[in-house]
2 protein chains.
Amino acid sequence: MKILEEKILEEGKIYPENVLKVDSFLNHQIDVGLLDVIGEAFYEKYKGKKITKILTIEASGIAIACATAKFFGVPVVFAKKSKSLNIGDDVYVSRVSSFTYGKEYDATISREHLKNDDKVLIVDDFIAIGNAMKGLVEICDQAGAEIVGIGICIEKAFQHGGDDLRQMGYDVTSLAIIDEMTDKGEVIFRD
Amino acid sequence: MKILEEKILEEGKIYPENVLKVDSFLNHQIDVGLLDVIGEAFYEKYKGKKITKILTIEASGIAIACATAKFFGVPVVFAKKSKSLNIGDDVYVSRVSSFTYGKEYDATISREHLKNDDKVLIVDDFIAIGNAMKGLVEICDQAGAEIVGIGICIEKAFQHGGDDLRQMGYDVTSLAIIDEMTDKGEVIFRD
């Protein structure tokens, strides 16, 4: 998606260890106009597929999921990363190891909000090694929900999480695919 | 707001220690149509006030902030609750004690995204004792940003966080104000 690639080139910042910071528009400060375009792109790809839920994981994913859900007219469900007083015990859980936060957490979704007749579109801001997305896939398996697709804003292809999921048979749609981030601070997109 | 009160009565669940669970539509599963109505209500209250940023805190606040920001045509900025690799050191920080999660965390916002010429509307899903909102107020003070108002979906008035902020001089707009939650599971709204 041209507009997202341009935004990454204009405002993204590269840090050591392949960190790409897009926190001026995607995951700290949020450009809600851009979100709308992103949501519509996922809708164009998956409309007609009878999606019943947009699934994501807190925190940045929530903004993208809400923008997408509006086009589909279905609810968002987001997995929690820490256990609150409120969530209860009747939950699906998947253990996720986070590179960005340098720790492990339990992705948790209440059984009440994900069922075996749900047809799910999973969305998130980034995929790198893909542990968070694999956690959501595992939770959908626990629920018996069907995963229609996985929509990602930015795929860091050299960290292989997207391809892992494709090899598992999932339809992964990434709006910007980065093949390489160079030491000079260049971002090379896939054509 | 009638539609929000009705939704609370229909789908809200009361648990011990004054916990009101609204996770079927507001903070686990999200009704994006309702979000739109909420965002518009905040817009009607604060339009014409030259708001430059909608400020909130992860996670549930993000959905409400994005729905609100769309009406104002301004960016969202959300405070992070845990330190990621990506946020850097040039940040505002306020220590917050969370009742819901039973722990303390540092609410953190990059200095890059909040400035002394910003006019801010703070929004969140709930206010109870109000520690998260007080943390965001402290961060705005650190930045020298002006707080035009604080928009809350559900205020639990008997826990006094909303009134604390009003006494500090802030314009708090709560769309549903709960005066009492009874042992019988009743929710009593303020007229």
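Below is a short write-up of the structure. In this text the structure is predicted, and so the values were computed from the model without any measurement. The numbers attached to residues start from 1 for each chain and follow its sequence in the written order. The naming scheme follows written order: chains are lettered A onward, ligands numbered 1 onward. Side-chain atom pairs in this predicted model are given and counted only at pLDDT of 80 or more, local residue features only at pLDDT of at least 70, and totals for whole chains, interfaces and linings cover all residues. Hydrogens and waters are ignored; side-chain quantities use all the structure's heavy atoms.

As for the overall build of chain A
Stated precisely, the cut-off is as follows: Secondary structure elements are taken from DSSP: a helix is a run of H or I of four residues or more, a strand is a run of E of two residues or more, and numbering for both begins at the N terminus. Relative accessibility decides the category of a residue: with a 1.4 Å probe and only protein chains considered, values under 20% of the type maximum give buried, values over 50% give exposed, and everything between is partly exposed. Accessible surface is estimated by sampling points in the Shrake-Rupley manner with a 1.4 Å probe; for residues, cover comes only from the protein chains shown. As used throughout, the charge tally considers Lys and Arg to be positive and Asp and Glu to be negative, leaving His and the chain termini uncounted. To locate a charge, the coordinates of NZ of Lys, CZ of Arg, CG of Asp or CD of Glu are taken.
Within chain A one finds 5 helices and 11 strands. Once the C-alpha set of chain A is aligned to its principal axes, its extents read approximately 50 × 35 × 30 Å. Here chain A holds 191 residues, and the buried ones make up 57% of them. Element-wise, carbon and sulfur atoms account for 46% of the exposed surface of chain A, whose accessible area totals about 8000 Å². Once the 23 positive and 32 negative side-chain charges of chain A are each reduced to a mean point, those two points are 3 Å apart.

Describing the packing of aromatic side chains
Residues and elements named next belong to chain A. Selection criterion: Here a pair means two rings of Phe, Tyr or Trp (six-membered ring of Trp) with centres within 6.5 Å. Their orientation is stacked below 30 degrees between planes, edge-to-face above 60, and tilted elsewhere. Only lysine NZ and arginine CZ atoms are considered, and such an atom sits over a ring when it is within 6 Å of the ring centre and within 35 degrees of the ring normal.
Evaluation of the coordinates by the stated rule reveals 4 aromatic pairs over all chains. Each ring, one from tyrosine 43 and one from phenylalanine 72, has its centre 4.9 Å from the other, and the planes form 80 degrees; the classification is edge-to-face. With tyrosine 43 in helix 2 (residues 32-46) and phenylalanine 72 in helix 3 (residues 60-72), this pair connects stretches of sequence that are 29 residues apart. Accessibility expressed as a relative area gives 25% for tyrosine 43, which makes it partly exposed. Judged by its relative accessible area of 15%, phenylalanine 72 is buried. Grouped by ring-pair contacts, the aromatic residues Tyr43, Phe71 and Phe72 constitute a single cluster. Above the plane of the ring of phenylalanine 71 lies lysine 70, whose end atom (NZ or CZ) is 5.7 Å from the centre.

A look at the side chain of Thr173(A)
Residue and element names in this part refer to chain A. Here is the rule we go by: Polar contacts here mean pairs of N or O atoms no more than 3.5 Å apart (in protein, one a potential hydrogen donor and the other a potential acceptor; neighbouring residues in sequence count only if both atoms are side-chain atoms). Residues count as neighbours in contact if any of their non-hydrogen atoms are within 4.5 Å of one another.
Take threonine 173: it is sitting in strand 10 (residues 172-181). Accessibility expressed as a relative area gives 12% for threonine 173, which makes it buried. Within the local environment of threonine 173, its side chain forms a polar contact with the side chain of tyrosine 46, the two groups lying 2.6 Å apart. Contacts of threonine 173, omitting those with residues within four sequence positions, involve Phe42, Lys45, Tyr46, Ile150, Gly151 and Ile152.

Examining the environment of Gly161(B)
Along the chain, Gly161(B) turns up in helix 5 (residues 161-167). Apart from residues lying up to four places away in sequence, Gly161(B) is in contact with Ile127(B), Ala128(B), Ile129(B), Gly130(B) and Lys134(B).

A short note on the sheet that holds strand 3 (residues 29-30) of chain A
Definition in use: Only strands joined by at least two bridges in the DSSP assignment are considered to pair.
Sheet architecture is open: 7 strands sit in the order 3(A)-5(B)-4(B)-8(B)-9(B)-10(B)-11(B), paired in mixed fashion. With partners counted over all chains shown, the strands left at the sheet margins are strand 3 of chain A together with strand 11 (187-189) of chain B, one partner each. In this structure, strand 3 of chain A lies alongside strand 5 (residues 76-79) of chain B, joined through 2 bridges in antiparallel fashion. Within strand 5 of chain B, the residue paired with Gln29(A) across the bridge is Val77(B).

Quick notes on the packing of helix 2 of chain A against helix 3 (residues 60-72) of chain B
The line we're drawing: Here an axis means a line fitted to C-alpha atoms, over the contact stretch when the element is a helix, while the angle between two N-to-C directions is reported on a 0 to 180 degree scale. The scheme is simple: roughly parallel for angles under 35 degrees, roughly antiparallel for over 145, roughly perpendicular for 65 to 115, oblique for anything else.
As a packed pair, helix 2 of chain A and helix 3 of chain B sit with axes 9 Å apart at the nearest point and diverge in direction by 110 degrees. When the axes of helix 2 of chain A and helix 3 of chain B are compared, the pair comes out roughly perpendicular. On helix 3 of chain B, the residues touching Val32(A), Leu35(A) and Asp36(A) of helix 2 of chain A are Cys66(B), Ala69(B) and Lys70(B).

Points about the pairing of strand 10 of chain A
Residues and elements named next belong to chain A. Counting buried positions over the 10 residues of strand 10 gives 8, a clear majority of the element. Taken together, the 6 bridges between strand 9 (residues 146-156) and strand 10 define a ladder with parallel strand orientation. In the sheet register, lysine 156 faces strand 10, and the bridge partner there is isoleucine 178. Bridge count between strand 10 and strand 11 (residues 187-189): 3 bridges; the pairing is antiparallel. If you follow methionine 181 over to strand 11, its bridge partner there is valine 187. Linking strand 10 back to strand 11 in an antiparallel pair, the connection comprises 5 residues, with glycine 185 at a positive phi of about 85 degrees.

Some thoughts on the relation of the copies chain A and chain B
Here the two chain copies are tied together by a rotation about an axis and a shift along that axis. What counts is decided by this rule: Our superposition of the copies is a least-squares fit, built on the C-alpha atoms of residues whose pLDDT is at least 70 in both.
Between the two copies, chain A and chain B, the superposition gives an RMSD of 0.0 Å; the rotation angle is 180 degrees and the shift along the axis is 0.0 Å. Such values leave the two copies arranged in the relation of a two-fold axis. Among all C-alpha atoms of chain A, that of Ala59(A) lies closest to the rotation axis, at 2.6 Å. Both copies contact each other with a shared surface, as 100% of the interface residues of chain A are interface residues in chain B too.

Focus: helix 1 (residues 2-11) of chain A
Residue and element names in this part refer to chain A. Definition in use: What the arc measures is the spread of directions leading from the helix axis to the C-beta atoms.
All buried positions along helix 1 are accounted for by Leu4, Glu5, Lys7 and Ile8. The buried residues of helix 1 occupy an angular sector of 160 degrees when the element is viewed end-on, so they sit on one face. Facing away from the buried side of helix 1 by over 90 degrees, the exposed positions are Lys2, Leu9 and Glu10. On its buried face, helix 1 is in contact with strand 2 (19-21), helix 2, strand 9, strand 10 and strand 11.

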